[in-house]
Amino acid sequence: MAFTRPTGKHRRPSRISRTTASAAGVAALTTTGVISGLAAPALAAEGSSAEYAHTGLTQSISVGDSLAGEIDAQAAAQKHAAVEAAAQKKAEAEARADAAEAKRKAAEAKRKAEAAAKVKAQKEREAKERAAREAERKRLGSYVSPIDGSYVSTGYKTGGAMWSSGSHTGVDFHAASGTQVQAVAAGTVVEAGWGGAYGNNVVIRHNDGTYTQYGHMSSLSVTVGQTVTPGQQIGLSGSTGNSSGPHLHFEARTGADYGSDIDPVAYLRSHGVNV
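Residues numbered from 1 in each chain as written. Predicted model: local features only at pLDDT ≥ 70, side-chain atom pairs only at ≥ 80, totals over all residues. Heavy atoms only, no water.

1. Some thoughts on the pattern of salt bridges
The condition that has to hold: One side-chain nitrogen of Lys or Arg within 4 Å of one carboxyl oxygen of Asp or Glu is enough to make a salt bridge. Under the DSSP-based scheme used, a helix requires at least four consecutive residues in state H or I and a strand at least two consecutive residues in state E, with every element numbered from the N terminus. For every residue, the accessible area obtained with a 1.4 Å probe (protein chains only) is divided by the maximum for its type, and the residue is called buried under 20%, exposed over 50%, and partly exposed between those limits.
Counted according to the given criterion, the structure contains six salt bridges. When the shortest N-O distance is used, the salt bridge between Asp-261 and Lys-157 registers 3.7 Å. Taken together, the residues Asp-261 in strand 11 (residues 261–262) and Lys-157 in the loop between strand 1 (152–154) and strand 2 (171–174) connect sequence positions 104 residues apart. On the basis of relative accessible area, Asp-261 is assigned to the buried category, the value being 15%.

Written as structure tokens, this is what we have:
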């Protein structure tokens with residue numbers, strides 16, 4: 001009985017076509033990195049094994065457990081590398097975000113510090129201004145002696161023929177000619193010039209309604225209507241008018257006219273002046 005080789009679509013592929021397909025498969029595995037050193041020996045075996053030639057069969061490539069393990073390890077390594085790359089990228093993004101947030105917070109802290117410093121400076125400036133105003137108010141409300149460092153040489157109501165009223169209507173402060181005479185308190189000059197027996201004199205109306213008079217001066221430094229402050233120079237002492245020698249005649253009055261005099265020493269002491 002004779003056998004014939006199958007023909008048509010069910011015919012087994014020829015040895016050449018099987019070898020070509022096997023080589024193509026190995027090449028595909030090699031290009032993907034799965035099989036590297038194994039492909040060449042396999043192909044070498046394909047061409048050198050004559051023992052398979054007479055059978056019409058093609059030598060196959062056997063992928064063992066070791067190669068499968070290498071493939072798994074390589075896949076795992078690639079996956080691990082991808083995870084690490086993603087983690088690094090995420091960490092870099094978070095670092096950039098943290099740096100930006102830190103920068104924003106620093107800028108905000110700086111802005112708040114500058115604003116607080118401005119508020120503090122403003123408060124300090126306002127406090128200084130209030131203190132200055134209060135000091136000025138106190139200064140303007142203060143009283144001083146009409147001549148610094150002097151003393152009373154003739155007291156109030158001292159009797160004698162040299163006074164037309166029969167007694168002294170003020171006090172005399174010892175002073176050499178040309179000594180500075182100053183306003184005892186803040187006020188407005190209502191008289192400045194020749195005053196008869198008072199010689200060159202100045203009369204000041206003060207804020208509390210009282211008046212003070214300064215007589216026998218050699219020269220005057222103020223004019224009528226001028227406002228003065230405590231300690232401001234109004235003239236220089238002398239011996240003009242009805243005077244027995246250089247000194248300052250000082251009176252305190254309840255009104256602008258002669259005859260409304262009050263004790264000038266008590267007046268000054270009531271306002272804190274040490275006389």
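Moving on, there is more to tell.
2. Details of the nonpolar core
Operational definition: Residues grouped as a nonpolar core are buried Ala, Val, Leu, Ile, Met, Phe, Trp, Tyr and Cys residues, joined through side-chain atoms within 4.5 Å. Contact definition: two residues touch when any of their heavy atoms are within 4.5 Å.
Ranked by internal contacts, the top residues of the largest apolar core, which has 24 residues, are Val-202, Ile-204, Tyr-214 and Ile-234. Listed by contribution, the elements that provide at least two residues to this core are strand 2, strand 5 (200–206), strand 6 (211–217), strand 10 (247–253) and helix 4 (264–270). In this view, Ile-234 contacts Val-181, Gln-182, Ala-183, Val-202, Ile-204, Tyr-214, Leu-220, Ser-221, Val-222 and Val-228; residues no more than four positions away in its chain are not counted.

3. Comments concerning the confidence of the model for the chain
Note the threshold: Residue-level confidence of the predictor is what pLDDT reports, using numbers from 0 through 100.
Averaged over every residue, the pLDDT of the chain is 83; residues scoring 70 or more account for 77%. Across residues 1–6, where pLDDT falls below 50, the model places three contacts with residues more than four positions away in sequence or in other chains.

4. Some remarks on the sheet that holds strand 9 (residues 233–236)
Under the convention used in this document: Here, any two strands with at least 2 DSSP bridges between them count as paired.
On the basis of which strands lie adjacent, the open sheet formed by three strands has the order 3-9-7 and antiparallel pairing. Only two strands of the sheet have a single neighbouring strand rather than two, namely strand 3 (180–182) and strand 7 (219–220). Judged from the two bridges that link them, strand 7 and strand 9 form a sheet pairing that is antiparallel. Each bridged residue has a counterpart across the sheet, and for Ser-219 the counterpart in strand 9 is Leu-236.

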